[in-house]
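Next come the chains, spelled out residue by residue.
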2 protein chains.
Amino acid sequence: MNLKHKLLLVTILFSSICFAQTKVVEDFKPSSVNQPGKEYPMVNSEGRVRAQISAPEATRVQLDISAVKYDLVKDENGVWTGESAPQDEGFHYYQLWVDGAAVPDPGSKYFYGASRWGSGIEIPAHDQEFYAMKNVPHGQVIELPYFSKMNNSMRRCFIYTPPGYAQNPEKRYPVLYLQHGGGEDETGWSNQGHANLIMDNLLAEGKANPFIIVMDNGTWAMPRPPRSGQQGERPAGPWPPEGWADGFMNTLLQDIIPMIDANYRTLADPQYRAMAGLSMGGMQTRVITLAHPEVFSYVGMFSGGSISMEDLEKSPGFKDNIKLVFISYGSREIENPRPGPWGDPKENTEVIQKSGMNTHFYVSPETAHEWQSWRRGLHEFAPLLFKN
Amino acid sequence: MNLKHKLLLVTILFSSICFAQTKVVEDFKPSSVNQPGKEYPMVNSEGRVRAQISAPEATRVQLDISAVKYDLVKDENGVWTGESAPQDEGFHYYQLWVDGAAVPDPGSKYFYGASRWGSGIEIPAHDQEFYAMKNVPHGQVIELPYFSKMNNSMRRCFIYTPPGYAQNPEKRYPVLYLQHGGGEDETGWSNQGHANLIMDNLLAEGKANPFIIVMDNGTWAMPRPPRSGQQGERPAGPWPPEGWADGFMNTLLQDIIPMIDANYRTLADPQYRAMAGLSMGGMQTRVITLAHPEVFSYVGMFSGGSISMEDLEKSPGFKDNIKLVFISYGSREIENPRPGPWGDPKENTEVIQKSGMNTHFYVSPETAHEWQSWRRGLHEFAPLLFKN
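Residues numbered from 1 in each chain as written. Chains lettered and ligands numbered in written order. Predicted model: local features only at pLDDT ≥ 70, side-chain atom pairs only at ≥ 80, totals over all residues. Heavy atoms only, no water.

## Examining the domain arrangement of chain A
Residue and element names in this part refer to chain A.
Stage number 1. Parsing chain A into structural domains produces domain 1 (25-124) and domain 2 (129-221 + 242-384).
Stage number 2. Between the C-alpha centres of domain 1 and domain 2 the distance comes to 31 Å.
Stage number 3. Domain 1 puts 13 residues into the contact, and the matching count from domain 2 is 17 residues.
Stage number 4. The largest share of the area that domain 1 buries against domain 2 comes from Asp 88, Phe 91 and Tyr 112, three residues that together contribute 42% of it.
Stage number 5. Linking domain 1 to domain 2 there are 3 salt bridges.
Stage number 6. Of the charged contacts, one joins Arg 375 and Glu 122 as a salt bridge, the two residues approaching to 2.4 Å between their closest N and O atoms.
Stage number 7. Scanning the region where domain 1 abuts domain 2 turns up 10 residue pairs in polar contact (both at pLDDT 80 or more).
Stage number 8. Among the elements of the structure, β8 (90-98), β10 (110-113) and β11 (116-123) are those that each provide at least two residues to the side of domain 1 that touches domain 2. (Domains from an automatic or database assignment. Contact = heavy atoms within 4.5 Å. Buried area = accessible area lost by both parts, 1.4 Å probe. Salt bridge = Lys/Arg side-chain N within 4 Å of Asp/Glu carboxyl O. Polar contact = N/O pair within 3.5 Å; in protein donor to acceptor, adjacent residues only side chain to side chain. Helix = DSSP H or I, 4+ residues; strand = E, 2+ residues; numbered from the N terminus.)

See the structure below:
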């Protein structure tokens, strides 16, 4: 037995000891976003993720979730298995590492986030009923290609129309323009966010007014914002730099809104138009609605900054036109505040409320800068919209 | 140097020699279905696929495409690169192997086929313009959840509505029910097949009548057909067994068609209703339209069997009601015929044509049992529909 083999044996023994010492509750079930017929990955009642992959020739396989890599253990058939620490409720991106290669887990469905199509997993949440697929009337999610003059290229958006839209050809609806975060795209709010199911369930309970939701791509619009969502990629200087949202602002105002108003049965009036977004999409919402408060009446920012008194002073039309400023964060973002360029969001929101603006501040319990915070944000925001 | 190391060195040298001897044309470009910003995989003018992945600790990495595994070669940075033999034009499923683990390529977008979400690649085809994204009027692809009484569960279908559908609230349209193959699902015809773009382009050129396309799931309907699309999984006995298509037939006739006619502006009449499918979906089309010829007027089967005189004798209404039987195959399927339970498709089609049926037989040049054959099949079939 040479040194390498001895080290390997020590590693295996040590891993096995760690494995045995972790008190894992053995009630694992397949994740709800597994591929059809796939048993792994699994999740237990503690929120641990158990991954498994066959890799007979590999020497190291890891589960990489929430920025921690967990070693998997190989059995006699070359199948590697192991689990993570308990995860927060809701949706998480993750990946596997096989001998140094970062790859999607072949067991999971794939989602666009963290600037890649890759694996995602659901930790069942105590409040998951609000975005569950139920036997209630369902709206449509429409994929529509369109030509953008601003970008001189074909683009794609997703459009949610509420239940009844197809059956009531005379009825017109308000519109929410709803944006994804950095490293995500126009698929995020329906695939990971379940915006359509959140609305279908709210509508079935009579808790919201029906409206159309337009989900477009906030990254691929010229000029493009600097890449975010990945550490170390932001350019030097203040962030976001001046003009970073101009590409999407021009695309939204000059291409997307006129195209939607021309092709769908909208109430094409600012009092029936809202904009919201998560993270980068919230920051875009802030910049765009401050620059053009005459276009919108409702503003939502989920984990994406806030509106300050200084903003109101620079955008005199904002206070008159905007009927609601909704700000939300995950509790783990607020407990452990990230340095932001616009001050404390709760404090900012209280100050503009005292100045006479209608505001709503919401904190998602025990969630971080992740989709469960944003699902809950939309679920709180939607019932407040278009209450004219 | 022990025996294992010697063998490894020989393998590396041998791989290098093979690599050097292959006259690869160095005009590789990123595949058109790569993830945003990803350089690899690439395709060259010969149709070779070049894959690349960083796997510094791996000892063997392979590209697995069209049932052949190609060894990749590691560089000093731990990055593995290598290419396949030339592939047929069109779309192919593929995967990577990293030290015995079969994984999706992190560079490609993912598609559902071969009973998994996994990598796909496009080999540019000489006729790719017919399914290209162009600046022409575009229809919508609608994702709709609905409750199925037959299955006592929520299901999902995709619905293509042609350009103008949203803008002309009085107009009603014929409907084509279009089915995927074994190991695929309701996403296949739009994601891999580009059925929507094929129709948008035909309509822009005035080569087809506008109609709605409904794409549902032919596998997950109770009772389920036996799994196909994977070797060695078919049950013993004649295939397909009696009754194998009943689950989807009941779901289609009792849930899907009534739901579509109630919610979309269809011409709810057999003369404006077509059914077609590829492979397993073609076989389902055959069984369902023979059992219920009073429901449809146009029948298409792409690489999925044919209609024989014996079929006509057993289904007396078929000949009277069905205005067109369209049969197509990829040339490589016809050149190298697979044993099928229903005889030679070309011969069958000629015989029923002589008996008085309107038929069309099409062979896709130099393609196999793959999506390029089915894209071309739909492109030939669609202009023949609803010419009343």
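## Observations concerning the sheet that holds strand β7 (residues 79-83) of chain B
Residue and element names in this part refer to chain B.
Stage number 1. Strand order in the open sheet formed by 5 strands is β1-β2-β3-β7-β6, and the pairing between neighbours is antiparallel. The open sheet has two edge strands with one neighbour each: β1 (29-30) and β6 (73-74).
Stage number 2. In this structure, strand β3 (residues 49-54) lies alongside β7, joined through 5 bridges in antiparallel fashion. Among the inter-strand pairings, Ile 53 is bridged to a residue of β7, identified as Trp 80. (Pairing = 2+ DSSP bridges.)

## Remarks on the sheet that holds strand β6 (residues 73-74) of chain A
Residues and elements named next belong to chain A.
Stage number 1. If you walk across this open sheet you meet the 5 strands as β1-β2-β3-β7-β6, and the pairing is antiparallel. A single partner strand is all that each edge strand has here, and the edge strands are β1 (29-30) and β6.
Stage number 2. Two strands pair when backbone bridges link them, and β6 and strand β7 (residues 79-83) are joined in this way by 2 bridges, in the antiparallel orientation. Opposite Val 73, over in β7, you have Thr 81 as the bridge partner.

## Side note on the relation of the copies chain A and chain B
Stage number 1. Note on the identical chains: chain A maps onto chain B by a rotation of 180 degrees and an axial translation of 0.0 Å, with an RMSD of 0.0 Å. Seen this way, the second copy is the image of the first under a two-fold rotation axis. When C-alpha distances to the rotation axis are compared across chain A, the minimum falls at Ile142(A), with a value of 2.1 Å.
Stage number 2. Comparing interface residues between copies, 100% of those in chain A also lie at the interface in chain B; the contact surface is shared. (Least-squares fit on C-alpha atoms with pLDDT ≥ 70 in both.)

## Structural notes on helix α3 (residues 195-204) of chain B
Residues and elements named next belong to chain B.
Stage number 1. Where burial is concerned, most of α3 is hidden: 9 out of the 10 residues are buried.
Stage number 2. For α3, the full list of buried residues reads Ala 195, Asn 196, Leu 197, Ile 198, Met 199, Asp 200, Asn 201, Leu 202 and Leu 203.
Stage number 3. The elements touched by buried residues of α3 are β12 (140-148), β13 (153-161), β14 (175-179), α2 (188-191), β15 (212-215) and α10 (371-381). (Buried < 20%, exposed > 50% of the residue type's maximum accessible area, 1.4 Å probe, protein only.)

## Focus: the side chain of Glu122(A)
All names here are of chain A.
Stage number 1. Among the structural elements, Glu 122 can be located in strand β11.
Stage number 2. Glu 122 gets classed as buried once you look at its relative accessible area, which sits at 8%.
Stage number 3. Within polar-contact distance, the side chain of Glu 122 engages the side chain of Arg 375 at 2.4 Å.
Stage number 4. Not counting chain neighbours up to four residues away, the residues in contact with Glu 122 comprise Ser 31, Ser 32, Val 33, Val 43, Gly 90, Phe 91, Tyr 131, His 194 and Arg 375.

## Some remarks on the interface of chain A and chain B
Stage number 1. In this complex, chain A contributes 43 residues to the contact, which on the side of chain B involves 44 residues.
Stage number 2. For the pair chain A and chain B, the two sides together bury roughly 3600 Å², of which 58% comes from carbon and sulfur.
Stage number 3. For the chain A face of the interface with chain B, the top three residues by lost area are Glu57(A), Asp99(A) and Trp117(A), together amounting to 14%.
Stage number 4. Where chain A touches chain B, the interface holds 2 salt bridges.
Stage number 5. Glu57(A) is the salt-bridge partner of Arg60(B), the closest N and O atoms lying 2.6 Å from each other.
Stage number 6. Taken together, the links from chain A to chain B amount to 14 residue pairs in polar contact (both at pLDDT 80 or more).
Stage number 7. Secondary structure elements with two or more residues in the side of chain A that touches chain B: β3 (49-54), β9 (101-103), β10, β11 and β12 (140-148) of chain A.
Stage number 8. Grouping the constituent residues of the side of chain A that touches chain B by class yields 25 nonpolar, 10 polar and 8 charged.
Stage number 9. The pairing of β12(A) with β12(B) spans 3 bridges and is classified as antiparallel. Across the sheet, the residue bridging to Ile142(A) is Ile142(B), located in β12(B). (Nonpolar A, V, L, I, M, F, W, Y, C, P; charged D, E, K, R; others polar.)

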